[in-house]
Amino acid sequence: DVKVTQSSRYLVKRTGEKVFLECVQDMDHENMFWYRQDPGLGLRLIYFSYDVKMKEKGDIPEGYSVSREKKERFSLILESASTNQTSMYLCASSLSMTGGEQYFGPGTRLTVT
Amino acid sequence: EDKVVQSPLSLVVHEGDTVTLNCSYEVTNFRSLLWYKQEKKAPTFLFMLTSSGIEKKSGRLSSILDKKELFSILNITATQTGDSAIYLCAVVDFGNEKLTFGTGTRLTIIP
């Protein structure tokens, strides 16, 4: 079974803090993704990565950065957290050339006060 | 830009009813359409559809794709309270591995 884990289920941070969200997958997947999910807006792609040290902007990259130093780990960084980044953050991974099925982690609910 | 529209946005039915959820899409170079179920946490995979007219079935759930009319439906028969969830539809474009999601349909089953 594919397992995608995220470092925290719930996180509360203050405005202006630097925030790190970690994601680890154990199935040797090439592709990893970070989404945020907000009511009425669905899942929106923030960043994704096809390989180690590679990253691509998704639909809403502003205010975020990512790091992929190892194949199994993909980190999302909020350089200076703001209240409008309060959201559910979901990490996913997939194997290339398989039709696109992604496996999701349990999510991190981030609250910025 | 790829686009996915799901309808209805929400649906409340009684246990035992049959429901049909809709997903229409616009995609530059269609590769596949996926359905996910999301309860309280991570979305879980239901179906992947790549060919028109071929029904995918898993227990009381089934789905079919129409690539000419650019839509898919997800059917759930004899609904149970455990079917209460958000159902997400997403499409994949050839040339990348990204999923473009719809906003989801929130299904509530009343006992």
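Draft legend 1. Expanded view of the sheet that holds strand 3 (residues 19-26) of chain B. Residues and elements named next belong to chain B. Pairing is antiparallel across the open sheet formed by 5 strands, whose spatial order is 1-3-8-7-6. In the strand order of this sheet, the two ends are held by strand 1 (3-7) and strand 6 (56-58), each with one partner. In this sheet, neighbouring strand axes are inclined to one another by 15° on average, regardless of whether the strands run parallel or antiparallel. Summarising the sheet, strand 7 (residues 61-66) and strand 8 (residues 71-76) pair through 6 bridges and their orientation is antiparallel. Paired with Ile64 across the two strands is Ile73, which belongs to strand 8.

Draft legend 2. The environment of Cys23(A), seen in detail. Residues and elements named next belong to chain A. Relative to the helices and strands, Cys23 is located in strand 3 (residues 19-25). Here the alpha-carbon distance between Cys23 and Gly58, two residues 35 residues apart in the chain, equals 17 Å. Excluding its chain neighbours within four sequence positions, the residues that come into contact with Cys23 are Val4, Thr5, Met32, Trp34, Glu72, Arg73, Phe74 and Cys91.

Draft legend 3. Broad picture of the side chain of Gln102(A). Mapped onto the elements of the fold, Gln102(A) is located in the loop between strand 9 (87-94) and strand 10 (103-104). Side-chain polar atoms of Gln102(A) contact the side chain of Tyr35(A), separated by 2.7 Å. Setting aside its immediate chain neighbours within four residues, Gln102(A) contacts Phe33(A), Tyr35(A), Ala92(A), Ser93(A), Ser94(A), Tyr36(B), Glu97(B), Lys98(B) and Leu99(B).

Draft legend 4. Structural view of the packing of aromatic side chains. Residue and element names in this part refer to chain A. Following the criterion strictly, the structure yields 11 aromatic pairs over all chains and no others. With centroids separated by 6.0 Å and ring planes inclined at 20°, the aromatic side chains of Phe33 and Phe48 adopt a geometry described as stacked. You can see Phe33 sitting in strand 4 (residues 31-38) and its partner Phe48 sitting in strand 5 (residues 42-49), a full 15 residues away along the chain. We note that Phe33, like Phe48, is buried.

What counts and how
- Residues numbered from 1 in each chain as written.
- Chains lettered and ligands numbered in written order.
- Predicted model: local features only at pLDDT ≥ 70, side-chain atom pairs only at ≥ 80, totals over all residues.
- Heavy atoms only, no water.
- Pairing = 2+ DSSP bridges.
- Helix = DSSP H or I, 4+ residues; strand = E, 2+ residues; numbered from the N terminus.
- Axes fitted to C-alpha atoms, helices over the stretch in contact; angles between N-to-C directions.
- Contact = heavy atoms within 4.5 Å.
- Polar contact = N/O pair within 3.5 Å; in protein donor to acceptor, adjacent residues only side chain to side chain.
- Phe/Tyr/Trp six-rings, centres within 6.5 Å; stacked < 30°, edge-to-face > 60°.
- Buried < 20%, exposed > 50% of the residue type's maximum accessible area, 1.4 Å probe, protein only.

As far as function goes, none of this settles anything; it's purely spatial.
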